[in-house]
Amino acid sequence: MKILLIGLFAAMTLAVPAGATAPAMTPAAIDTYLRDALESTGLPGMSVVVTHGGEVVHAAGYGHDSQGRAVTENTPMRVASVSKSFTAMAVMTLVERGEIRLDEPVAVQLPGFKMDDPRAARITVRHLLNQTSGLSDTTVDVSELEGATSLADYTARLADDGLRADPGTRWEYCNVNYDLAARLVEVAGGQNFGDYLRDRVFGPLGMKSSAVSEEVVKPADGYNSVFGAWLARPELPAFLDGSGSGGVITTAADMGEWLNAQTGDGSPLIKRQSLETMHAPTAIRDYGMGWGVDGDTGLLTHSGNLFTYNAVEAISPKTGYGFAVMTNSAALQDDTYVIMLGLAAMSEGRTPEQPGGDRQLFELVLAVIAVVAAVLGAVGVLRARRWAAKRAGKPRWRIGLRLVPVLAPAAVLAAYPDLISFLMNGRTVTWAQLTYFAAPMSITLLVAALAGVLVAAVRILRLSGGRVREQPESPRS
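First, a word on what this report is: a plain description of the structure on this page. (Residues numbered from 1 in each chain as written. Predicted model: local features only at pLDDT ≥ 70, side-chain atom pairs only at ≥ 80, totals over all residues. Heavy atoms only, no water.)

In the structure shown here, the tally under the stated rule is eight aromatic pairs. With a centroid separation of 6.1 Å and an interplanar angle of 75°, the aromatic rings of F307 and Y436 are classed as edge-to-face. Here F307 is found in the loop between β8 (300-305) and β9 (310-315), whereas its partner Y436 is found in the loop between α16 (416-423) and α17 (439-470), with 129 residues between them in sequence. Across the pair, Y436 and F307 agree in class, each one buried. Ring centres of F307 and F437 lie 6.2 Å apart, and the angle between their planes is 25°; on these two criteria the pair is classed as stacked. Pair noted here: F307 is in the loop between β8 and β9 and F437 is in the loop between α16 and α17, with a separation of 130 residues, a long-range link. Overall, F437 belongs to the buried group, its relative accessible area being 10%. One aromatic cluster in this structure is built from F86, F202 and W258. Sitting over the ring of Y436, R233 keeps its end group 3.7 Å from the ring centre. Taking the ring centre of W171 as reference, the NZ or CZ of R285 above it sits at 4.0 Å. (Phe/Tyr/Trp six-rings, centres within 6.5 Å; stacked < 30°, edge-to-face > 60°. Helix = DSSP H or I, 4+ residues; strand = E, 2+ residues; numbered from the N terminus. Buried < 20%, exposed > 50% of the residue type's maximum accessible area, 1.4 Å probe, protein only. Lys NZ or Arg CZ within 6 Å of the ring centre and 35° of its normal.)

Below you can see the structure in the form of structure tokens.
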């Protein structure tokens, strides 16, 4: 859902006002843009890094965290699916050492991996990293996987699941791909996934404040926006610690070292050819290994969305700049991507428009709808007697049709998770998740549904009472 919202406003963000003069890509200009962006978006906290030519051009934090501390370039942030690029890097270090073979089946290289689908035996490591394995939220019990206590346990729980498509024939974003890749790193690397990242990825790059466990690096609770108010909330419990798909916690300062390595300007973890393999899209989709290609800008990017944190990383092949934007909040719109596009525009000599305002507008509209629904519900209850009197004695099917409009929101609410899942191409969506970044929409729908049910109930009650009174008296004996 967020990706759809991002797309609606990306073009607006990159527009250049006529006659505008593009600011130079200096630390001062970047800082001014980011301070303005924090104010216009209303975000509680944000940390950002910009790199170029092996150097950190600008790294800073803005706003505050949920404990009242100022956000800096050293504030720990959850980066969600940006973690996938780190997992891909870990795999590629083992590929270069000959411990993992990209184009051989995962089942041959990962003891304990089996599925209730013979096609799973053909899944290669490359398929996992390219998200073309055939794995899908629609054929895997994601809720069961969230209860896993380790990557080994996670892998074993796939035994009764299947694939949606033949390996290598369809692209579908599925976190299982990267959690399996993380387990493969453990087996091939001979140590815990988090320890391997520490020793072979974070450590060599000088990323001293990065980990895949909040027991090692502890971020503060993030925020959700509820009709303009930011509420601090703990991240939803799921398979976050040790996760290859979304477990990384890092800082803007550390992300600077990571981006320099990804552009080939920093400490080399792998050969340039391996780096190019990670970045290269497949014939099926503009997605490589933990990196995708933005079709509008040509940027190499990957975003990450949890329920209280958002992040995005990007590299510009045109200019060599690298960008990472991380926020300690989640709402109906992900502002990190829009802010990153603004930085990319600056790096190309263009003037970005000021981001923000869209989240506030969305939530204002939803708040107005909720108030109108509540008012209409109250009016409907007050006029229920009149409504019932007009329809007394009419066929029940006609009365039922009259009740359909007021009960429609309740029907939508009942199917709410499934509808959102459909819009997100089958990704698993739970009721709990819909109370986080989607809270304003969920509350509005709940108010409309309750108002409709109440009106329908009172109308039926009044109609039943009217019919009892209209029955003829029995003749006297």
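Reading across the sheet, the three strands line up as β5-β4-β11 and stay open at both edges, with mixed pairing between neighbours. Strands at the two margins of the open sheet, each flanked by one partner only, are β5 (229-233) and β11 (329-330). Of the pairings in the sheet, the one linking strand β4 (residues 222-226) to β11 comprises two bridges and is parallel in character. Looking at β11, one finds that Y223 is bridged to S329. (Pairing = 2+ DSSP bridges.)

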